[in-house]
Amino acid sequence: MDRRTFLKAACLLGASAFLGTYRTELVSALEMAETKIVWLHGAECTGCTESLLNGGDPDVIAALSALNTKLAYHETLLAGQGIFVDDKPANNAELNSEILVDELITEGNYILVVEGAIPNGPNGSGRFFVVGDRTFKELFAKAAGNASAILAVGTCAAYGGINSASSAIAQLTDYRGVAFKGADSSGGMLRELGINKPVINIPGCPAHPDWILLTLSAVVLGKIKVPSDLPSVLDRYGRPRAYFDEDVHDECPRHEYYERDEFDTEIGGHKCLLKLGCKGKHANADCSIRKWNGGASMCVQAGSPCIACVEPGFPDSSRPFYQPGSGSSLEGDSHSSDSDEGDSYEKYSRDKSSDYRKIRRDD
């Protein structure tokens, strides 16, 4: 199966259907050495891991087994944690996760998955997040330097996410994504550290389990060759185009009400949620087609306006929540200033006949 066929199938099918349909090809392709994954947790809520574990069909163990992949290190799932004696890691890798991760990093030849933002503050020290006897910034630098490829899972790891939202201490904490800070590709932690490594961003708050598993599949099977294929398969924000190339709005199950100018003004209705602050026009993801919870539903179907959680500027670009407002575009330039948030609904109405996607994706 060539790359084009693989990506098309991955886009159309969920992880379960894909792994089942192409089982023979997977077995044949995976007659090779086992792939290791080192999964680090920065500043986050562990929601992306929860999302992956709740994928259910296939469950994460079955999926990784099908891919002949070993989840060698994952802080949330490890039983043995750090043991220190006289301020030094004690015992061995079987009983001490601090020793385990260092040994895995030294061995190399692994895919690094990062979940959560990386604090650079205060003053470049990274000491707003300390794991054991070292900062997460230090651990990330060590792991990134020896990784064969990096996946930034979730909006926090990809762009900084909620941790980097505007606040009185945002400049002091200085949270970064792996390769981006918001929409700025020059502000990521890799650039700060002077490390040049290929990165695939899988944003979302949380990320869909299919996005994670299918991207891992593509990398492990060599259907996406890292780094040579990345310029053609990723968008300008490092996201796989297969999953992040359509507006949530276009295939929204409430789209017919938008076309008829029928809008809900209170939570709990069944019409278009634009007047309740839906940012589906500003969200690039296939949620409306792929859906969540085993393909059963999605945020908008459950009655919640889309908050564009996959975008680099989230959450600031989506504010105010549950109120009419355009938010900032994923390109980082605002479609409306703070002063004209109130009339953004009227702007949407005037623009709805235009091809909005072409405007936003014009490179």
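As shown above, the structure is provided for reference.
The notes below deal with the structure included here. (Residues numbered from 1 in each chain as written. Predicted model: local features only at pLDDT ≥ 70, side-chain atom pairs only at ≥ 80, totals over all residues. Heavy atoms only, no water.)

## Comments concerning the overall build of the chain
Here comes step 1: In terms of regular secondary structure, the chain is built from 17 helices and 11 strands.
Here comes step 2: Residues classed as buried in the chain amount to 52% of the 363 residues present.
Here comes step 3: Taking as baseline every contact in the chain between residues at least 6 positions apart, the subset at least 24 positions apart corresponds to 70%.
Here comes step 4: Accessible surface, the chain as shown: approximately 16400 Å² in total, 49% of it carbon and sulfur. (Helix = DSSP H or I, 4+ residues; strand = E, 2+ residues; numbered from the N terminus. Buried < 20%, exposed > 50% of the residue type's maximum accessible area, 1.4 Å probe, protein only. Contact = heavy atoms within 4.5 Å. Areas by Shrake-Rupley, 256 points an atom, 1.4 Å probe, with all protein chains shown as cover.)

## Side note on the packing of aromatic side chains
Here comes step 1: As enumerated under the stated definition, the model contains 9 aromatic pairs in all.
Here comes step 2: Look at W211 and W292: their rings are 5.8 Å apart centre to centre, the planes differ by 80°, and that puts the pair in the edge-to-face class. Of this pair, W211 sits in helix α11 (residues 209-220) while W292 sits in the loop between α15 (287-290) and α16 (344-351), placing them 81 residues apart in sequence. Exposure class is identical for W211 and W292. Each is buried.
Here comes step 3: Note on Y258 and F263: the rings are 6.4 Å apart at their centroids and 85° apart in plane angle, and the pair reads as edge-to-face. (Phe/Tyr/Trp six-rings, centres within 6.5 Å; stacked < 30°, edge-to-face > 60°.)

## Observations regarding the side chain of H255
Here comes step 1: Relative to the helices and strands, H255 is located in helix α14 (residues 255-259).
Here comes step 2: Classification of H255 by relative accessible area gives buried; the value is 18%.
Here comes step 3: Sequence-distant contacts of H255, defined by excluding residues within four places in its chain, comprise H249 and D250.

## Focus on the side chain of E115
Here comes step 1: Positionally, E115 belongs in strand β5 (residues 110-115).
Here comes step 2: For the buried E115, no salt bridge is present, and the opposite-charge side chain at shortest range is R134, 17 Å distant.
Here comes step 3: At 2.9 Å, the side chain of E115 and the side chain of W39 are in polar contact. (Lys, Arg positive; Asp, Glu negative; His and termini not counted. Salt bridge = Lys/Arg side-chain N within 4 Å of Asp/Glu carboxyl O. Polar contact = N/O pair within 3.5 Å; in protein donor to acceptor, adjacent residues only side chain to side chain.)

## Some remarks on helix α7 (residues 136-145)
Owing to its 3.6 residues per turn, the α-helix brings residues three or four apart onto one side.
Here comes step 1: What α7 keeps buried is the set F136, K137, L139, F140, A143 and A144. Each buried residue of α7 sits inside an arc of 160° when the element is viewed along its axis, so together they form one side. (Arc of directions from axis to C-beta.)

## Quick word on the nonpolar core
Here comes step 1: Judged by nonpolar contacts, the single largest core of 47 residues is most densely connected at L151, V153, I202, W211 and I212.
Here comes step 2: Examining the composition of this core, we find that 8 residues originate from one element, α11, more than from any other.
Here comes step 3: Setting aside residues up to four positions removed in sequence, W211 forms contacts with I202, P203, G204, Y243, F244, A285, D286, C287, R290, W292 and V310.
Here comes step 4: A43, V131, A152 and A158 belong to the second largest nonpolar core, which has 39 residues in total. (Core = buried A, V, L, I, M, F, W, Y, C linked by side-chain atoms within 4.5 Å.)

## Observations regarding the environment of P240
Here comes step 1: As for its placement among the helices and strands, P240 is situated in the loop between α12 (230-233) and α13 (241-244).
Here comes step 2: Residue P240 is classed as buried on the basis of its relative accessible area, which comes to 6%.
Here comes step 3: Ignoring anything within four residues of it in the chain, the contact list for P240 reads I200, N201, T215, V233 and L234.

## Re the packing of helix α6 (residues 97-107) against α7
Here comes step 1: Contact pair α6 / α7: the axes reach a minimum separation of 8 Å and the direction vectors enclose 30°. Taken together, the axes of α6 and α7 lie roughly parallel to each other. Contacts from V101, D102 and I105 in α6 reach L139, K142 and A143 in α7. (Axes fitted to C-alpha atoms, helices over the stretch in contact; angles between N-to-C directions. Parallel < 35°, antiparallel > 145°, perpendicular 65-115°, else oblique.)

## Quick look at the sheet that holds strand β1 (residues 35-41)
By definition, the strands of a sheet pair up through backbone hydrogen bonds, in either a parallel or an antiparallel sense.
Here comes step 1: With parallel pairing, the 5 strands of this open sheet are ordered in space as β2-β1-β5-β9-β11. Each having just a single partner strand, β2 (69-74) and β11 (199-202) make up the two edges of the open sheet. Taken pair by pair, the neighbouring strands of this sheet meet at an average axis angle of 20°, ignoring direction.
Here comes step 2: Two elements, β1 and β5, share 6 bridges in a ladder whose sense is parallel. Considered in β5, the bridge of L40 is made with V114. (Pairing = 2+ DSSP bridges.)

## With respect to the pattern of salt bridges
Opposite charge on two side chains permits pairing when their charged atoms draw close.
Here comes step 1: Throughout the structure, instances matching the rule amount to 15 salt bridges.
Here comes step 2: Ionic pairing is found between D174 and R176, a salt bridge with its closest N-O pair at 2.8 Å.
Here comes step 3: The buried category is assigned to D174, whose relative accessible area is 11%.
Here comes step 4: One salt bridge connects R260 with E262, and the closest N-O pair in it is separated by 3.1 Å.
Here comes step 5: For R260, a relative accessible area of 44% puts it in the partly exposed group.
Here comes step 6: Relative accessible area serves as the criterion here: at 25%, E262 is assigned to the partly exposed category.
Here comes step 7: The network of salt bridges with shared partners includes E98, D102, R134 and K142.

## Thoughts on the environment of L64
Here comes step 1: Within the element layout of this structure, L64 appears in helix α5 (residues 60-66).
Here comes step 2: With 149 residues separating them in the primary sequence, L64 and L213 have C-alpha atoms 8.3 Å apart.

## Considering the environment of G126
Here comes step 1: Within the element layout of this structure, G126 appears in the loop between β6 (118-119) and β7 (130-131).
Here comes step 2: Sequence separation between G126 and T173 is 47 residues, and the spatial gap between their C-alpha atoms is 8.1 Å.
Here comes step 3: Beyond its immediate stretch of four places on either side in the chain, G126 contacts P119, N120, G121, T135 and K137.

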